[in-house]
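# Survey of secondary and tertiary structure
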Amino acid sequence: MTPIWLKQTPNGITLNLHCQPGAKITKVVGLHDGCLKISLQAPAIENKANELLLAWLSKQLKVPQKQIQFISGQNTRHKRVEVWGPISLEQIIQALKP
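Residues numbered from 1 in each chain as written. Predicted model: local features only at pLDDT ≥ 70, side-chain atom pairs only at ≥ 80, totals over all residues. Heavy atoms only, no water.

### Notes on the overall build of the protein chain
In terms of regular secondary structure, the protein chain is built from two helices and six strands. In sequence order, the protein chain lays out its α and β elements as β-β-β-β-α-β-β-α. A globule of 98 residues ought to have a C-alpha radius of gyration of about 13 Å, and the protein chain, at 12 Å, matches this closely. Oriented by its inertia axes, the alpha-carbon framework of the protein chain measures out at about 35 × 25 × 20 Å. Of the roughly 5,800 Å² that the protein chain leaves accessible, carbon and sulfur atoms contribute 52%. (Helix = DSSP H or I, 4+ residues; strand = E, 2+ residues; numbered from the N terminus. Rg over C-alpha atoms; globule rule 2.2 N^0.38 Å. Areas by Shrake-Rupley, 256 points an atom, 1.4 Å probe, with all protein chains shown as cover.)

### A look at the nonpolar core
Grouped together as the largest cluster of nonpolar side chains are 25 residues, with contacts concentrated most on Leu15, Leu17, Ile38, Leu53, Leu57, Ile92 and Leu96. Only β2 (13-20), β4 (35-39), α1 (48-61), β5 (68-72), β6 (78-83) and α2 (89-95) provide two or more residues apiece to this core. If we ignore the near neighbours within four places in the chain, the residues touching Ile92 are Trp5, Leu6, Ile13, Leu15, Leu61 and Ile87. (Core = buried A, V, L, I, M, F, W, Y, C linked by side-chain atoms within 4.5 Å. Buried < 20%, exposed > 50% of the residue type's maximum accessible area, 1.4 Å probe, protein only. Contact = heavy atoms within 4.5 Å.)

### Concerning the pattern of salt bridges
On inspection of all chains with the given rule, the structure shows one salt bridge. Lys48 serves as the salt-bridge partner of Glu46, at 3.5 Å between the closest nitrogen and oxygen. (Salt bridge = Lys/Arg side-chain N within 4 Å of Asp/Glu carboxyl O.)

### What to know about the layout of surface pockets
To find leftover empty space, one rolls a probe the size of a water molecule over the atoms. Quantified by volume, the largest pocket comes out at close to 200 Å³. Ala44, Ala49, Asn50, Gln74 and Lys79 are the residues nearest the centre of the largest pocket, which is lined by 16 residues in total. Take the lining of the largest pocket: its biggest share by element is three residues, from α1. (1 Å grid on protein atoms, 1.4 Å probe; cavity = no way out; pocket = protein on both sides within 12 Å on 5 of 7 lines; lining within 4 Å. Points joined across faces, edges and corners; volume = space filled by probe spheres on them.)

### Concerning unusual backbone geometry
Excluding glycine, residues mostly carry a negative phi; peptide bonds, for their part, are mostly trans. Of note in the backbone geometry, Asp33 takes a positive phi value of approximately 55° without being a glycine. Locating Asp33 in the fold gives a position in the loop between β3 (27-32) and β4. Phi angles above zero are rare outside glycine, and Asn47 is one such case at about 65°. With respect to the helices, strands and loops of the structure, Asn47 is situated in the loop between β4 and α1. For Asn47, a relative accessible area of 44% corresponds to the partly exposed category.

Take a look at the structure:
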């Protein structure tokens, strides 16, 4: 069964994320309000947390960073990100296990 935070779209795969900046380490923490919760080591100033999130997702999912983009939430903790390219829902679930 597909998790509530993950959705296949015609263009790619959408991830609903709840990001917590200023953590000691960047990692998946679990679920929060129907979203995958990710703690980010970077602070929420000057777009540092967003940049770290995209770079970290690129590394975890093994897709180029240019294939990941924000749909919404650049200025909030609740973010929607779209990933496209040769990756499946199952690969994302495996890569982002808490």
